[in-house]
Amino acid sequence: MTTSKIASPSISLRPGADLLRRSGLVWFCIAAVGQTAFIWMILAHFGRRTLIGDFAGWNDKPLIKGYAPGDDAGNLMFAVHVLLAAVVTLSGLMQLVPALRRRAPGLHRWNGRVFLTTAVVMALGGLWLTWGRGTYLSLISAIAVSVDGILILIFGTLAWRTAVRRDFGTHQRWAMRAFLAVNGVWFLRVGLMAWAIATGGLGMNNTLSGPADVVLQFGAYLIPLALFEAYWRAGRSTRPAVRLLVITAMALAAAVTALGVFGAVAFMWGPYML
């Protein structure tokens, strides 16, 4: 897998191109901090309890359906799914570091294989957990996460196929789409916290079926995907106004991400990172 970070998808040197790159870099740095905190929470809470055999301790963190006595298959699938989340998040971040691709191309390729393979396994596992184990709060939330899982399978397959054909330009775009879809769950948590802090929870409820919940659940992957398409096209546009519009959108995305990461660390992940 060969991809570039969102901050530098071969943007041409036109007026505003450098500022566009910088806007992507700012967003990426903020997201990397938040994803690192997410990885640490997974290892500190789920990883530690799994290692010592305290499976019931998974439920110390509010979950839709974590450990369930007697459900060996479901418990195993949950453990695999949540622990692989740390793997896929870390490997995804590594793929977006250009220095790694330049200085260690072999590691970059193998890490890409790990990322795509893990993403497919997690997508299939997530679909089973949703519909086979009933891990959802409302039907609309189950549909939203399932659409994301299907997109992961599609984007991951296309990223793999274009890499095999050595069509690296096309591969970069599909790989970036796969990265964003894989992180849909992360984007959802960040988005929920940003919205809750900014509005006091307007349009949200405990079953994730409120109007704001519905928009955030589908928007958790559709909005980042749309921003990436706009960012990629703006880098090739001859119209400065287009780049200015996308730069503004990226600045807003960075601010929302920063607010959501703060909220997630302070109220959602922080208590389980100690």
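What you see is a predicted model; the values in this text were computed from it and never measured. (Residues numbered from 1 in each chain as written. Predicted model: local features only at pLDDT ≥ 70, side-chain atom pairs only at ≥ 80, totals over all residues. Heavy atoms only, no water.)

Trainee: Even after reading the chapter, I still don't get the overall build of the protein chain, so can you show me in this structure?
Mentor: Along the backbone of the protein chain there are nine helices and zero strands. When the helices and strands of the protein chain are listed from N to C terminus, the series reads α-α-α-α-α-α-α-α-α. Across its three principal axes, the protein chain shows a C-alpha extent of roughly 60 × 45 × 35 Å. Considering the protein chain as a whole, with its 274 residues, one finds that 49% of them fall into the buried category. Looking at the protein chain alone, contacts between residues at least 24 apart form 70% of all its contacts between residues at least 6 apart. Working note: accessible area of the protein chain is about 13,000 Å², and carbon and sulfur atoms make up 70% of it. Mean positive and mean negative side-chain charge positions of the protein chain (24 and 9 charges, respectively) differ by 16 Å. (Helix = DSSP H or I, 4+ residues; strand = E, 2+ residues; numbered from the N terminus. Buried < 20%, exposed > 50% of the residue type's maximum accessible area, 1.4 Å probe, protein only. Contact = heavy atoms within 4.5 Å. Areas by Shrake-Rupley, 256 points an atom, 1.4 Å probe, with all protein chains shown as cover. Lys, Arg positive; Asp, Glu negative; His and termini not counted. Charge placed at Lys NZ, Arg CZ, Asp CG, Glu CD.)

Trainee: Hey, could you run me through the confidence of the model for the protein chain in this one?
Mentor: Reading predicted coordinates in detail is not appropriate for stretches of low pLDDT. Looking at the protein chain as a whole, its pLDDT mean stands at 92, while 94% of the residues score no less than 70. Note on residues 1–12: pLDDT is under 50 here. Beyond four places in sequence and across chains, it has 54 contacts. (pLDDT = per-residue confidence, 0-100.)

Trainee: Quick question: what am I supposed to make of unusual backbone geometry here?
Mentor: Generally, phi is negative for residues other than glycine and the peptide bonds are trans, each holding for most cases. Of note in this structure, Arg166 is not a glycine but carries a positive phi near 60°. Among the structural elements, Arg166 can be located in the loop between α5 (139–164) and α6 (168–182).

Trainee: Please clarify how the pattern of salt bridges should be interpreted in this entry.
Mentor: Opposite charge on two side chains makes pairing possible when the charged atoms of those side chains draw close. On inspection of all chains with the given rule, the structure shows five salt bridges. Of the charged contacts, one joins Asp18 and Arg21 as a salt bridge, the two residues approaching to 3.3 Å between their closest N and O atoms. With a gap of three residues between them, Asp18 and Arg21 both fall in helix α1 (residues 17–51), about one helical turn apart. In this structure Asp18 comes out as partly exposed when scored by relative accessible area, which is 39%. Linked by salt bridges that have partners in common, Asp18, Arg21 and Arg22 make up one network. (Salt bridge = Lys/Arg side-chain N within 4 Å of Asp/Glu carboxyl O.)

Trainee: Before we go on, may I ask you to explain the nonpolar core in this structure?
Mentor: For soluble globular proteins, nonpolar side chains are generally found buried alongside one another. Formed by 62 residues in total, the largest nonpolar core has its most connected members in Trp27, Met41, Phe115, Leu180, Trp186 and Trp269. Going through the elements one at a time, α1, α2 (72–95), α4 (105–131), α5, α6, α7 (184–199), α8 (211–234) and α9 (240–269) are the ones with two or more residues in this core. If you tally residues by element for this core, the top one is α1, at eleven residues. (Core = buried A, V, L, I, M, F, W, Y, C linked by side-chain atoms within 4.5 Å.)

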